[in-house]
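Chains, contacts and geometry: an overview
Below, each chain spelled out in residue letters.
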Amino acid sequence: MKVLVTGGAGYIGSHTVAELQKQNIEVVVFDNLICGHKEAVTCPLIVGDLLKKDEIKKVFKENKFDGVIHFAAYALAGESMKEPAKYFENNLQGGLNLLEAMREGEVNKIVFSSTCAIYGYPDKLPVIEEESKKPVSVYGESKLMFETILRWYDQLFGIKNVCLRYFNASGDSLDGSIGEDHKPETHIIPIAMQAALGQREKFSIFGEDYNTPDGTCIRDYIHVLDLASAHIKALDYLSKEGESNYFNVGTGQGYSNKEILNMVKEVTGVDFPVEVGPRREGDPDAIFADSSKAKTVLGWEPKHSDLKTIIESAWKWHKSHPKGYSS
Ligand SMILES: NC(=O)c1ccc[n+]([C@@H]2O[C@H](COP(=O)([O-])OP(=O)(O)OC[C@H]3O[C@@H](n4cnc5c(N)ncnc54)[C@H](O)[C@@H]3O)[C@@H](O)[C@H]2O)c1
């Protein structure tokens with residue numbers, strides 16, 4: 001099996017590539033390296049931009065793929081509210097160029113990185129796939145719109161898709177060889193790591209007046225290796241002629257910001273200062289997944305997502321790469 005991974009130089013993409021290779025699946029990465037790192041890529045890398053139709057079409061002319069995993073996108077909800085065109089263009093036009101190149105190359109299987117951000121403020125917890133979709137950011141909206149586009153490309157051209165709606169990707173490779181390196185960093189665990197490393201004076205929590213037991217937001221943290229295995233299961237499902245489908249990928253267990261910070265302090269042994277700042281716009285009190293559909297249909301099960309393993313793997317990566325890949 002030969003798979004094209006768009007965005008494979010990024011955080012989740014690079015971990016997924018490494019896991020695909022362990023399964024002896026041949027992988028080619030297509031990435032413009034705008035947010036990705038060539039050092040993270042352990043397979044052939046084509047540096048190219050999905051917004052340039054000819055660049056992605058050429059890849060399909062020169063290779064025969066059995067399927068595509070599509071990670072490439074902009075993924076910062078806050079930034080998407082300031083620069084909506086940037087997000088709609090990259091996440092939609094970039095994806096459309098990919099789908100057209102797949103049509104020309106007669107490739108009819110795609111696994112897509114969707115997100116729990118399509119649900120907005122959920123009505124019920126844990127969130128099931130049929131929850132109403134009311135994104136509260138342009139980013140979440142762009143992902144929901146691309147799910148719709150995929151539905152039409154199945155109906156019109158028979159391109160089968162699996163949309164994986166990730167909850168909070170977290171943790172890093174267990175051997176510390178690859179890891180999360182976002183600039184700017186917006187995720188709680190790597191920011192807490194920076195505080196533990198002394199790169200920040202303090203950690204600032206966005207509000208403690210949420211409707212949760214300790215007042216801080218609750219999220220569902222899924223280890224990046226468990227996300228990677230969900231992609232492998234999704235590819236397997238599509239290769240067995242599975243119909244297009246969508247799945248939540250989370251643990252079902254929510255942790256508050258304070259619980260995360262306490263675990264970071266315990267694992268790192270560093271008691272960094274924590275201050276409480278104002279709320280951030282667009283944050284629901286709590287969100288965690290019902291992933292029973294992925295378990296039943298894909299046979300997927302998280303194996304590395306207990307909080308301690310997540311934080312220990314993150315600490316291993318950040319301690320050995322205090323400046324990310326440029327360390
Ligand atoms: N990190 C999370 O918690 C999370 C949660 C839900 C969904 N997602 C989705 O998962 C995917 C991967 O997330 P990530 O955290 O690894 O992000 P990332 O920024 O680390 O990786 C995205 C990669 O795509 C590349 N890219 C972006 N636009 C491109 C283009 N036009 N052409 C070619 N390459 C392009 C970037 O250079 C980068 O390497 C994204 O689609 C994101 O929306 C992430």
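This is a predicted model, so every value here is computed, not measured.

About the thresholds
Residues numbered from 1 in each chain as written. Predicted model: local features only at pLDDT ≥ 70, side-chain atom pairs only at ≥ 80, totals over all residues. Heavy atoms only, no water. Pairing = 2+ DSSP bridges. Helix = DSSP H or I, 4+ residues; strand = E, 2+ residues; numbered from the N terminus. Axes fitted to C-alpha atoms, helices over the stretch in contact; angles between N-to-C directions. Contact = heavy atoms within 4.5 Å. Near = heavy atom within 4 Å. Polar contact = N/O pair within 3.5 Å; in protein donor to acceptor, adjacent residues only side chain to side chain. Areas by Shrake-Rupley, 256 points an atom, 1.4 Å probe, with all protein chains shown as cover. Nonpolar A, V, L, I, M, F, W, Y, C, P; charged D, E, K, R; others polar. Buried < 20%, exposed > 50% of the residue type's maximum accessible area, 1.4 Å probe, protein only. 1 Å grid on protein atoms, 1.4 Å probe; cavity = no way out; pocket = protein on both sides within 12 Å on 5 of 7 lines; lining within 4 Å. Points joined across faces, edges and corners; volume = space filled by probe spheres on them. Salt bridge = Lys/Arg side-chain N within 4 Å of Asp/Glu carboxyl O. Domains from an automatic or database assignment. Buried area = accessible area lost by both parts, 1.4 Å probe.

1. So, the sheet that holds strand β6 (residues 160-166)
One open sheet holds the seven strands; their spatial order is β3-β2-β1-β4-β5-β6-β11, and the pairing between them is parallel. Edge positions in the open sheet fall to β3 (45-47) and β11 (245-249), since each of these has one partner strand only. On average, adjacent strands in this sheet sit at an angle of 20° to one another, irrespective of strand direction. Both strand β4 (residues 67-70) and strand β5 (residues 109-115) contribute to a ladder of three bridges, which runs parallel. When the bridges of β5 are listed, Ile69 appears paired with Val111. Those strands touched by helix α1 (residues 11-22) are β1 (2-6), β2 (26-31), β4 and β6, and its axis lies near 165° from that of β2.

2. Some details on the site of the ligand
Taken together, the neighbourhood of the ligand is formed by 29 residues, with Asp31, Phe71, Asn90, Tyr139 and Lys143 sitting nearest. Residue Asn32 places a main-chain N or O atom 3.1 Å away from a nitrogen atom belonging to the ligand. Protein chains shield 96% of the accessible area of the ligand, which is 820 Å² for the free molecule. Counting residues per element, the ones that place at least two in the shell around the ligand are α1, β5 and α5 (138-157). If one sorts the elements of the shell around the ligand by residue count, β5 sits on top with three residues. Of the residues that constitute the shell around the ligand, the class distribution is 15 nonpolar, 11 polar and three charged.

3. With respect to the side chain of Asp154
One can find Asp154 in helix α5. Assessed through its relative accessible area of 15%, Asp154 is described here as buried. In terms of polar contacts, Asp154 uses its side chain to reach the side chain of Lys160, at 2.9 Å. Contacts of Asp154, omitting those with residues within four sequence positions, involve Ile159, Lys160, Asn161 and Ser244.

4. Let's talk about empty space enclosed by the protein
Within this structure, the stated rule accounts for one cavity of 30 Å³ or more. Taken as a whole, the largest cavity encloses approximately 40 Å³ of empty space. What lines the largest cavity is simply Ala9, Gly10, Tyr11, Ser14, Cys35, His37, Gly179, Glu180, Asp181, His182 and Tyr325. Classifying every residue of the lining of the largest cavity gives four nonpolar, five polar and two charged.

5. Some thoughts on the pattern of salt bridges
Taken as a whole and judged by the stated rule, the model has 20 salt bridges. For Lys160, the salt bridge goes to Glu243, with nearest N and O atoms at 3.2 Å. You can see Lys160 sitting in strand β6 and its partner Glu243 sitting in the loop between α7 (224-239) and β11, a full 83 residues away along the chain. Residue Lys308 is joined to Glu266 by a salt bridge in which the shortest nitrogen-to-oxygen separation is 3.8 Å. One end of the pair, Lys308, is in helix α10 (residues 307-320); the other, Glu266, is in helix α8 (residues 257-268), with 42 residues separating them in the sequence. Using a relative accessible area of 36% as the deciding quantity, one classes Lys308 as partly exposed.

6. Regarding the domain arrangement of the protein
Domain boundaries assigned for the protein yield domain 1 (2-170 + 222-249) and domain 2 (188-219 + 252-326). Measuring from the centre of the C-alpha atoms in domain 1 to the corresponding centre in domain 2 gives 24 Å. Counting from both sides, the interface comprises 31 residues of domain 1 and, opposite them, 26 residues of domain 2. Carbon and sulfur atoms make up 69% of the surface buried where domain 1 meets domain 2, a total of about 2400 Å² over both sides. If you sort the residues of domain 1 by the area they bury against domain 2, His223, Asp226 and Phe247 come out on top, with a joint share of 21%. Between the two partners, domain 1 and domain 2, sit zero salt bridges. Linking domain 1 with domain 2 are 14 residue pairs in polar contact (both at pLDDT 80 or more), by the criterion used here. Sorting the residues of the side of domain 1 that touches domain 2 by element identifies β7 (168-170), β10 (221-223), α7 and β11 as the ones contributing at least two each. The element best represented in the side of domain 1 that touches domain 2 is α7, accounting for seven residues. In terms of residue class, the side of domain 1 that touches domain 2 is built from 19 nonpolar, eight polar and four charged.

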